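Tertiary structure, described
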Amino acid sequence: MHASPLRTRIPRRSLLRASAAACLFAAAGTGLAQPPAWPSKPIRLVVGFPAGGTTDVMARVAGAALARSLGQPVVVDNKPGASGNLGVMETSKAAPDGHTLMVAPISVQTANPFLFKPALNPERDLRPVASLGYAQLYLVAKKSLPVQSATDLVALAKAAPGKLSYASGGPGTQMHLVGELFKQQAGFEAVHVPYRGAAPALQDVLAGQVDYYFDPATGFQHIREGRARLLAVTGTKRSAFFPEAPTLTELGIKGVELGNWFGVFAPAGTPNEIVTRLAGEIAKAVALPEVKGRFADLGAEPIVQDAATFQQTIAAETQLLSALIRERRIAVD
(Lines give C-alpha, C1' and ligand atoms only; values in the text may rest on other atoms or scores of the structure.)
Protein backbone atom coordinates (compact mmCIF):
# COMPACT_ATOMS: atom_id res chain seq x y z
CA MET A 1 0.00 0.00 0.00
CA HIS A 2 1.12 3.51 -0.77
CA ALA A 3 0.88 6.15 1.89
CA SER A 4 -1.48 9.02 1.12
CA PRO A 5 0.31 12.28 0.33
CA LEU A 6 0.52 14.72 3.19
CA ARG A 7 -1.93 17.62 2.71
CA THR A 8 -1.55 20.89 4.52
CA ARG A 9 -4.76 22.71 5.24
CA ILE A 10 -4.49 26.51 4.93
CA PRO A 11 -7.15 28.39 6.81
CA ARG A 12 -9.52 30.42 4.62
CA ARG A 13 -8.75 33.55 6.64
CA SER A 14 -5.06 33.27 5.76
CA LEU A 15 -5.89 32.87 2.06
CA LEU A 16 -7.98 36.03 2.15
CA ARG A 17 -5.18 37.95 3.87
CA ALA A 18 -2.63 36.77 1.31
CA SER A 19 -4.94 37.74 -1.55
CA ALA A 20 -5.50 41.20 -0.09
CA ALA A 21 -1.78 41.70 0.38
CA ALA A 22 -1.13 40.68 -3.21
CA CYS A 23 -3.71 43.17 -4.42
CA LEU A 24 -2.17 45.94 -2.35
CA PHE A 25 1.28 45.11 -3.66
CA ALA A 26 0.02 45.14 -7.24
CA ALA A 27 -1.71 48.46 -6.67
CA ALA A 28 1.44 49.90 -5.15
CA GLY A 29 3.47 48.65 -8.11
CA THR A 30 1.00 50.22 -10.54
CA GLY A 31 1.19 53.48 -8.65
CA LEU A 32 4.97 53.51 -8.89
CA ALA A 33 4.73 53.00 -12.64
CA GLN A 34 2.53 56.06 -13.12
CA PRO A 35 4.27 59.32 -14.06
CA PRO A 36 4.13 62.04 -11.41
CA ALA A 37 1.44 64.68 -11.71
CA TRP A 38 2.36 67.64 -13.94
CA PRO A 39 3.23 70.30 -13.11
CA SER A 40 4.69 69.36 -9.74
CA LYS A 41 7.01 72.37 -9.39
CA PRO A 42 7.60 75.83 -10.92
CA ILE A 43 7.88 76.02 -14.72
CA ARG A 44 10.79 77.82 -16.35
CA LEU A 45 10.25 79.59 -19.67
CA VAL A 46 13.58 80.10 -21.41
CA VAL A 47 13.75 83.12 -23.74
CA GLY A 48 16.82 83.43 -25.96
CA PHE A 49 16.41 87.19 -26.36
CA PRO A 50 16.78 90.23 -24.08
CA ALA A 51 14.10 91.39 -21.68
CA GLY A 52 11.60 93.86 -23.13
CA GLY A 53 11.56 92.49 -26.68
CA THR A 54 8.56 90.92 -28.40
CA THR A 55 9.48 87.34 -27.49
CA ASP A 56 10.13 88.25 -23.87
CA VAL A 57 6.87 90.16 -23.45
CA MET A 58 4.89 87.33 -25.06
CA ALA A 59 6.49 84.85 -22.68
CA ARG A 60 5.73 86.96 -19.61
CA VAL A 61 2.13 87.69 -20.59
CA ALA A 62 1.33 84.08 -21.53
CA GLY A 63 3.34 82.78 -18.57
CA ALA A 64 1.28 84.80 -16.08
CA ALA A 65 -1.93 83.31 -17.49
CA LEU A 66 -0.47 79.78 -17.46
CA ALA A 67 0.61 80.19 -13.83
CA ARG A 68 -2.97 80.91 -12.82
CA SER A 69 -4.43 77.95 -14.72
CA LEU A 70 -1.71 75.42 -13.80
CA GLY A 71 -1.36 76.40 -10.15
CA GLN A 72 2.43 76.70 -10.31
CA PRO A 73 4.74 79.72 -10.71
CA VAL A 74 5.98 80.33 -14.25
CA VAL A 75 9.36 82.08 -14.34
CA VAL A 76 10.91 83.66 -17.43
CA ASP A 77 14.66 83.02 -17.77
CA ASN A 78 16.38 85.22 -20.37
CA LYS A 79 19.38 83.63 -22.12
CA PRO A 80 20.06 86.11 -24.94
CA GLY A 81 22.60 85.50 -27.65
CA ALA A 82 23.28 84.09 -31.13
CA SER A 83 19.78 84.85 -32.47
CA GLY A 84 18.15 82.62 -29.89
CA ASN A 85 20.64 79.75 -30.12
CA LEU A 86 21.69 80.09 -26.49
CA GLY A 87 18.09 79.60 -25.48
CA VAL A 88 17.89 76.50 -27.67
CA MET A 89 20.99 75.04 -26.02
CA GLU A 90 19.66 75.81 -22.54
CA THR A 91 16.31 74.17 -23.27
CA SER A 92 17.60 71.12 -25.12
CA LYS A 93 19.80 70.02 -22.19
CA ALA A 94 16.96 70.27 -19.64
CA ALA A 95 15.04 67.26 -18.33
CA PRO A 96 12.10 66.42 -20.64
CA ASP A 97 9.54 66.60 -17.84
CA GLY A 98 7.54 69.66 -18.87
CA HIS A 99 9.09 71.96 -16.29
CA THR A 100 11.54 73.67 -18.67
CA LEU A 101 10.11 75.13 -21.87
CA MET A 102 11.22 77.73 -24.40
CA VAL A 103 9.32 80.61 -25.99
CA ALA A 104 10.89 81.62 -29.29
CA PRO A 105 10.25 82.73 -32.86
CA ILE A 106 10.27 79.71 -35.14
CA SER A 107 13.37 81.05 -36.87
CA VAL A 108 15.38 79.11 -34.26
CA GLN A 109 14.26 75.99 -36.16
CA THR A 110 13.65 77.28 -39.68
CA ALA A 111 16.66 79.53 -40.32
CA ASN A 112 19.30 79.25 -37.59
CA PRO A 113 20.48 75.72 -38.48
CA PHE A 114 21.39 77.00 -41.95
CA LEU A 115 22.97 80.27 -40.81
CA PHE A 116 25.21 79.30 -37.92
CA LYS A 117 28.25 77.02 -37.87
CA PRO A 118 28.54 74.66 -36.18
CA ALA A 119 24.82 74.23 -36.58
CA LEU A 120 22.60 73.21 -33.73
CA ASN A 121 19.98 70.60 -34.45
CA PRO A 122 16.78 71.99 -32.91
CA GLU A 123 14.68 69.58 -34.98
CA ARG A 124 16.35 66.75 -33.06
CA ASP A 125 16.69 68.48 -29.69
CA LEU A 126 13.38 70.36 -29.40
CA ARG A 127 9.73 69.41 -29.62
CA PRO A 128 7.17 72.01 -30.79
CA VAL A 129 4.26 72.30 -28.35
CA ALA A 130 2.05 75.01 -29.84
CA SER A 131 2.21 78.40 -31.49
CA LEU A 132 1.51 81.47 -29.39
CA GLY A 133 0.93 84.12 -32.01
CA TYR A 134 1.82 85.60 -35.36
CA ALA A 135 3.02 89.06 -36.42
CA GLN A 136 3.18 90.29 -39.99
CA LEU A 137 6.05 92.38 -41.31
CA TYR A 138 5.38 95.89 -42.62
CA LEU A 139 7.21 97.32 -45.65
CA VAL A 140 8.04 100.86 -44.52
CA ALA A 141 9.85 103.54 -46.54
CA LYS A 142 11.42 106.81 -45.48
CA LYS A 143 9.19 109.80 -46.10
CA SER A 144 11.53 111.45 -48.61
CA LEU A 145 11.64 108.43 -50.94
CA PRO A 146 9.57 109.31 -54.04
CA VAL A 147 7.28 106.28 -53.87
CA GLN A 148 3.66 105.74 -52.86
CA SER A 149 3.44 101.96 -53.14
CA ALA A 150 5.51 98.80 -53.14
CA THR A 151 5.29 98.65 -56.94
CA ASP A 152 6.72 102.19 -57.10
CA LEU A 153 9.58 101.03 -54.86
CA VAL A 154 10.33 98.06 -57.11
CA ALA A 155 10.28 100.28 -60.22
CA LEU A 156 12.64 102.78 -58.59
CA ALA A 157 15.01 100.00 -57.53
CA LYS A 158 15.06 98.49 -61.01
CA ALA A 159 15.75 101.89 -62.57
CA ALA A 160 18.83 102.34 -60.36
CA PRO A 161 20.20 98.86 -59.56
CA GLY A 162 21.96 98.65 -56.21
CA LYS A 163 21.31 102.31 -55.31
CA LEU A 164 18.57 101.75 -52.75
CA SER A 165 19.29 100.43 -49.27
CA TYR A 166 17.24 98.50 -46.75
CA ALA A 167 17.73 98.09 -43.02
CA SER A 168 17.37 95.06 -40.79
CA GLY A 169 17.79 94.17 -37.13
CA GLY A 170 20.90 92.18 -37.98
CA PRO A 171 22.19 89.44 -40.29
CA GLY A 172 19.95 86.40 -40.31
CA THR A 173 17.00 88.10 -38.65
CA GLN A 174 13.55 87.68 -40.15
CA MET A 175 13.75 91.30 -41.34
CA HIS A 176 16.90 90.45 -43.28
CA LEU A 177 15.54 87.21 -44.72
CA VAL A 178 12.26 88.80 -45.81
CA GLY A 179 14.23 91.68 -47.33
CA GLU A 180 16.21 89.19 -49.42
CA LEU A 181 13.06 87.26 -50.32
CA PHE A 182 11.43 90.51 -51.48
CA LYS A 183 14.37 91.31 -53.76
CA GLN A 184 14.42 87.78 -55.12
CA GLN A 185 10.71 87.63 -55.88
CA ALA A 186 10.47 91.16 -57.29
CA GLY A 187 13.69 90.88 -59.31
CA PHE A 188 15.81 93.82 -58.13
CA GLU A 189 18.87 94.52 -56.00
CA ALA A 190 19.36 96.77 -52.97
CA VAL A 191 22.08 97.13 -50.35
CA HIS A 192 21.52 95.46 -46.98
CA VAL A 193 22.36 97.64 -43.96
CA PRO A 194 22.29 95.53 -40.75
CA TYR A 195 21.79 97.00 -37.29
CA ARG A 196 21.92 95.65 -33.76
CA GLY A 197 18.17 95.30 -33.34
CA ALA A 198 14.94 96.61 -34.82
CA ALA A 199 14.92 99.91 -32.90
CA PRO A 200 18.11 101.42 -34.40
CA ALA A 201 17.11 100.14 -37.85
CA LEU A 202 13.80 101.96 -37.60
CA GLN A 203 15.49 105.14 -36.32
CA ASP A 204 17.75 105.36 -39.35
CA VAL A 205 14.81 104.83 -41.72
CA LEU A 206 12.97 107.65 -39.92
CA ALA A 207 16.10 109.80 -40.15
CA GLY A 208 16.35 109.14 -43.88
CA GLN A 209 19.68 107.32 -43.67
CA VAL A 210 18.24 104.10 -45.15
CA ASP A 211 15.51 103.86 -47.79
CA TYR A 212 13.21 101.14 -46.46
CA TYR A 213 12.87 98.12 -44.22
CA PHE A 214 10.47 95.39 -43.11
CA ASP A 215 9.23 96.53 -39.74
CA PRO A 216 8.43 93.76 -37.21
CA ALA A 217 5.45 95.69 -35.82
CA THR A 218 7.60 98.10 -33.80
CA GLY A 219 6.97 101.26 -35.82
CA PHE A 220 3.17 101.49 -35.59
CA GLN A 221 3.20 104.87 -33.84
CA HIS A 222 5.53 106.38 -36.45
CA ILE A 223 3.37 105.03 -39.27
CA ARG A 224 0.18 106.43 -37.70
CA GLU A 225 1.80 109.81 -37.11
CA GLY A 226 3.06 110.01 -40.68
CA ARG A 227 6.78 109.89 -39.98
CA ALA A 228 7.18 106.75 -42.11
CA ARG A 229 5.26 105.54 -45.15
CA LEU A 230 3.67 102.10 -45.03
CA LEU A 231 3.70 100.54 -48.50
CA ALA A 232 2.51 96.96 -47.98
CA VAL A 233 2.45 94.00 -45.59
CA THR A 234 3.60 90.42 -45.78
CA GLY A 235 1.24 87.51 -45.22
CA THR A 236 -1.78 85.99 -46.89
CA LYS A 237 -4.25 88.58 -45.62
CA ARG A 238 -4.28 92.25 -44.77
CA SER A 239 -3.21 93.40 -41.34
CA ALA A 240 -5.87 93.84 -38.68
CA PHE A 241 -3.92 96.90 -37.53
CA PHE A 242 -3.60 98.60 -40.95
CA PRO A 243 -6.36 97.11 -43.13
CA GLU A 244 -5.89 99.80 -45.77
CA ALA A 245 -2.40 98.51 -46.63
CA PRO A 246 -2.33 95.81 -49.36
CA THR A 247 -0.36 92.60 -49.11
CA LEU A 248 2.57 92.18 -51.45
CA THR A 249 0.71 89.26 -53.01
CA GLU A 250 -2.21 91.56 -53.87
CA LEU A 251 0.25 93.82 -55.69
CA GLY A 252 1.51 90.93 -57.82
CA ILE A 253 4.71 90.32 -55.84
CA LYS A 254 4.04 86.72 -54.93
CA GLY A 255 5.86 84.49 -52.47
CA VAL A 256 6.69 87.15 -49.87
CA GLU A 257 4.36 85.94 -47.15
CA LEU A 258 6.73 85.37 -44.26
CA GLY A 259 5.92 86.91 -40.93
CA ASN A 260 7.01 86.11 -37.40
CA TRP A 261 5.51 83.00 -35.81
CA PHE A 262 6.17 82.62 -32.08
CA GLY A 263 5.71 79.40 -30.16
CA VAL A 264 6.44 77.20 -27.18
CA PHE A 265 8.99 74.41 -27.43
CA ALA A 266 9.93 71.58 -25.06
CA PRO A 267 13.02 69.37 -24.84
CA ALA A 268 12.85 66.31 -27.08
CA GLY A 269 11.39 63.35 -25.26
CA THR A 270 8.77 65.34 -23.34
CA PRO A 271 5.77 62.99 -22.91
CA ASN A 272 2.79 63.30 -25.26
CA GLU A 273 0.32 63.80 -22.44
CA ILE A 274 2.21 66.85 -21.16
CA VAL A 275 2.52 68.35 -24.64
CA THR A 276 -1.19 67.83 -25.34
CA ARG A 277 -2.29 69.35 -22.04
CA LEU A 278 0.10 72.25 -22.36
CA ALA A 279 -1.17 73.06 -25.88
CA GLY A 280 -4.71 73.18 -24.49
CA GLU A 281 -3.65 75.46 -21.65
CA ILE A 282 -1.87 77.78 -24.09
CA ALA A 283 -5.02 78.02 -26.22
CA LYS A 284 -7.03 79.03 -23.15
CA ALA A 285 -4.39 81.53 -22.02
CA VAL A 286 -4.10 83.47 -25.29
CA ALA A 287 -7.89 83.63 -25.63
CA LEU A 288 -8.07 85.80 -22.50
CA PRO A 289 -8.94 89.46 -23.26
CA GLU A 290 -5.95 90.81 -21.33
CA VAL A 291 -3.55 88.55 -23.25
CA LYS A 292 -5.10 89.50 -26.59
CA GLY A 293 -4.74 93.15 -25.68
CA ARG A 294 -1.06 92.88 -24.78
CA PHE A 295 -0.35 90.88 -27.93
CA ALA A 296 -2.09 93.58 -29.97
CA ASP A 297 0.25 96.15 -28.40
CA LEU A 298 3.07 94.09 -29.92
CA GLY A 299 1.40 93.98 -33.33
CA ALA A 300 0.70 90.27 -32.94
CA GLU A 301 -2.40 88.11 -33.21
CA PRO A 302 -2.86 85.26 -30.72
CA ILE A 303 -3.03 82.29 -33.09
CA VAL A 304 -2.64 78.85 -31.51
CA GLN A 305 -1.70 75.82 -33.59
CA ASP A 306 -1.42 72.46 -31.86
CA ALA A 307 1.84 70.52 -32.00
CA ALA A 308 1.08 68.70 -35.28
CA THR A 309 -0.12 71.82 -37.14
CA PHE A 310 2.70 73.93 -35.72
CA GLN A 311 5.21 71.36 -36.94
CA GLN A 312 3.74 71.65 -40.46
CA THR A 313 4.17 75.43 -40.34
CA ILE A 314 7.78 75.00 -39.23
CA ALA A 315 8.48 72.44 -41.97
CA ALA A 316 7.07 74.68 -44.73
CA GLU A 317 9.08 77.70 -43.58
CA THR A 318 12.22 75.59 -43.21
CA GLN A 319 11.93 74.48 -46.83
CA LEU A 320 11.52 78.07 -48.02
CA LEU A 321 14.28 79.61 -45.92
CA SER A 322 16.87 76.89 -46.42
CA ALA A 323 16.54 77.38 -50.19
CA LEU A 324 16.67 81.19 -49.86
CA ILE A 325 19.77 81.11 -47.65
CA ARG A 326 21.51 78.79 -50.08
CA GLU A 327 20.52 80.67 -53.25
CA ARG A 328 21.23 84.15 -51.87
CA ARG A 329 24.39 82.96 -50.11
CA ILE A 330 23.31 84.47 -46.81
CA ALA A 331 25.78 83.97 -43.99
CA VAL A 332 26.17 85.11 -40.41
CA ASP A 333 29.69 85.87 -39.20
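Everything below is about the structure shown above.
Conventions adopted
- Residues numbered from 1 in each chain as written.
- Predicted model: local features only at pLDDT ≥ 70, side-chain atom pairs only at ≥ 80, totals over all residues.
- Heavy atoms only, no water.
- Phe/Tyr/Trp six-rings, centres within 6.5 Å; stacked < 30°, edge-to-face > 60°.
- Helix = DSSP H or I, 4+ residues; strand = E, 2+ residues; numbered from the N terminus.
- Buried < 20%, exposed > 50% of the residue type's maximum accessible area, 1.4 Å probe, protein only.
- Axes fitted to C-alpha atoms, helices over the stretch in contact; angles between N-to-C directions.
- Parallel < 35°, antiparallel > 145°, perpendicular 65-115°, else oblique.
- Contact = heavy atoms within 4.5 Å.
- Nonpolar A, V, L, I, M, F, W, Y, C, P; charged D, E, K, R; others polar.
- Pairing = 2+ DSSP bridges.
- Salt bridge = Lys/Arg side-chain N within 4 Å of Asp/Glu carboxyl O.

1. A word on the packing of aromatic side chains
The final tally for this structure, using the stated rule, is 10 aromatic pairs. Judged by centre distance (4.9 Å) and plane angle (45°), the ring pair of tyrosine 134 and tryptophan 261 falls under tilted. You can see tyrosine 134 sitting in strand β4 (residues 126–135) and its partner tryptophan 261 sitting in strand β10 (residues 260–267), a full 127 residues away along the chain. Each ring, one from tyrosine 138 and one from phenylalanine 220, has its centre 5.0 Å from the other, and the planes form 80°; the classification is edge-to-face. Of this pair, tyrosine 138 sits in strand β5 (residues 138–142) while phenylalanine 220 sits in helix α10 (residues 220–224), and the two are 82 residues apart along the sequence. Since its relative accessible area comes to 6%, phenylalanine 220 is described here as buried.

2. Description of the packing of helix α2 (residues 54–70) against helix α12 (residues 289–297)
Where α2 contacts α12, the axes come no closer than 10 Å and their chain directions differ by 175°. Here α12 runs roughly antiparallel to α2, going by the angle between their axes. Residue-level contacts link Val57, Met58, Val61, Ala65 and Arg68 of α2 to Glu290, Val291, Arg294 and Phe295 of α12. Taken together, the residues of the contact of α2 with α12 break down into 6 nonpolar, no polar and 3 charged.

3. Some details on the sheet that holds strand β1 (residues 43–47)
One open sheet accounts for 5 strands, arranged β2-β1-β3-β10-β4; its pairing is mixed. The open sheet has two free edges, formed respectively by β2 (74–78) and β4, since each of these has just one partner strand. Strand-to-strand twist across the sheet, computed as the mean angle between neighbouring axes with direction ignored, equals 25°. Sheet topology places strand β3 (residues 100–105) next to β10; 4 bridges connect them, and they run antiparallel. Within β10, the residue paired with alanine 104 across the bridge is glycine 263. In the packing of α2 onto the sheet, the strands contacted are β1, β2, β3, β4 and β10, and the crossing angle to β2 comes to about 160°.

4. Considering the sheet that holds strand β9 (residues 228–233)
Here 5 strands make up an open sheet; going across it, the order is β7-β6-β8-β5-β9 and the pairing mixed. Both outer strands of the open sheet, β7 (191–194) and β9, are each paired with one neighbouring strand and no more. The average undirected angle you get between the axes of adjacent strands in this sheet is 30°. Note that β5 and β9 share 5 bridges and pair antiparallel.

5. Comments concerning the pattern of salt bridges
Side chains that carry opposite charge are capable of pairing whenever their charged atoms lie near each other. Evaluated as defined, the whole model comprises 17 salt bridges. We note a salt bridge from arginine 328 to glutamate 189, for which the minimum N-O separation is 3.3 Å. One end of the pair, arginine 328, is in the segment after α13 (307–327); the other, glutamate 189, is in the loop between α8 (174–186) and β7, with 139 residues separating them in the sequence. The partner of lysine 237 in a salt bridge is glutamate 301, with the nearest N and O atoms 3.7 Å apart. One end of the pair, lysine 237, is in the loop between β9 and β10; the other, glutamate 301, is in the loop between α12 and α13, with 64 residues separating them in the sequence. With relative accessibility at 47%, the residue lysine 237 sits in the partly exposed group. Linked through salt bridges whose partners overlap, the residues forming this network are Arg44, Asp77, Glu90 and Lys93.

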